[in-house]
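Structure at a glance
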Amino acid sequence: DAKTTQPTSMDCAEGRAANLPCNHSTISGNEYVYWYRQIHSQGPQYIIHGLKNNETNEMASLIITEDRKSSTLILPHATLRDTAVYYCIVADSWGKLQFGAGTQVVVTP
Amino acid sequence: EPEVTQTPSHQVTQMGQEVILRCVPISNHLYFYWYRQILGQKVEFLVSFYNNEISEKSEIFDDQFSVERPDGSNFTLKIRSTKLEDSAMYFCASSVDSPMNTEAFFGQGTRLTVV
């Protein structure tokens, strides 16, 4: 079973920030938190990952709580092209990403 | 931008037939993976491959499945005797470094339909 819990769906207005929460209360000390997304039936696309510190790249920001039991992915200015299923994944073991059901994000005009 | 390439995009095969799905990972990547997604379901890990051998495999990856890196560029998934339940989207992925701290790049997938 996936080690993360995410809301099933979320709507976001175009141009606004989208904040996607994820709970991973059983995360262990050496496990990273990854975020991927899947647009329609395309291959999953990497967004960002982190261990302890907050991370930012050109796509998003990742905020990890100090106890590492939860995190939030922030899409700063959502566009219609950001409509996708977003997966929060804790790296389970070497080479294995365990995808859950993810959060269906719909960006509306 | 470099990308993982999968061929064919769609494969239709008869039950019981062998099928080979092909992938060209990004050229300097060392770690390779296969995932699958049955229509409407989650993306499922099948197998990871490093240094010409399987690193980890899931329960799905039984004796009917095999992987190979026949040359310096291709990475293949073979299903020996396809079943109806093998119908799914199959994604190949690769990463440059240890997957614990690096991104995996996914291909656009091969849709396998077993009839």
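Before any of the text, the structure's been laid out above.
Let me begin by describing the structure that accompanies this report.

The rules behind the values
- Per-chain numbering applies: the sequence of each chain, read as written, is numbered from 1 onward.
- Labels follow written order: the first chain is A, the first ligand is 1, and so on.
- In keeping with the predicted nature of the model, local features appear solely for residues at pLDDT of at least 70, side-chain atom pairs appear and are counted solely at 80 or more, and the whole-chain, interface and lining totals rest on all residues.
- Note: side-chain values were computed over all heavy atoms of the structure, leaving out hydrogens and water.
- Secondary structure elements follow DSSP: runs of H or I of four or more residues count as helices, runs of E of two or more count as strands, with numbering from the N terminus.
- When we talk radius of gyration, it's over C-alpha atoms, and the globule rule is simply 2.2 Å times the number of residues to the 0.38.
- The contact criterion used is simple: two residues touch if any of their non-hydrogen atoms lie within 4.5 Å.
- Between 30 and 60 degrees the pair is tilted, below 30 it is stacked and above 60 it is edge-to-face, where a pair is any two Phe, Tyr or Trp rings, Trp via its six-membered ring, whose centres lie within 6.5 Å.
- Partly exposed describes any residue whose relative accessible area lies between the buried limit of under 20% and the exposed limit of over 50%, with all areas from a 1.4 Å probe on protein chains only and scaled to the type maximum.

Attention shifts here to the overall build of chain B. The helix and strand tally for chain B stands at zero helices and eleven strands. Across chain B, helices and strands are ordered from the amino to the carboxyl terminus as β-β-β-β-β-β-β-β-β-β-β. In terms of overall dimensions, chain B is globule-like: its C-alpha atoms have a radius of gyration of 13 Å, near the 13 Å expected for 115 residues. Projecting the C-alpha coordinates of chain B onto the three principal axes gives extents of approximately 40 × 30 × 30 Å.

In this section: the side chain of B:Thr13. With respect to the helices, strands and loops of the structure, B:Thr13 is situated in strand 2 (residues 10–13). Those residues in contact with B:Thr13 that sit more than four places away from it in its chain are B:Glu18, B:Thr82, B:Leu112, B:Thr113, B:Val114 and B:Val115.

Attention shifts here to the packing of aromatic side chains. In this structure the tally under the stated criterion is 15 aromatic pairs over all chains. The interplanar angle of 55° and the centroid separation of 5.3 Å between the aromatic rings of B:Tyr35 and B:Phe106 together place this pair among those described as tilted. Here B:Tyr35, found in strand 4 (residues 31–37), pairs with B:Phe106, found in strand 10 (residues 105–106); they are 71 residues apart in sequence, far enough to count as distant. Assessed through its relative accessible area of 1%, B:Tyr35 is described here as buried. Among the aromatic residues, those joined into a ring-pair cluster are A:Tyr32, A:Tyr34, A:Tyr36, A:Tyr46, A:Tyr87, A:Phe99, B:Tyr35, B:Phe45 and B:Phe106.

Purely geometric numbers; function is a separate question.
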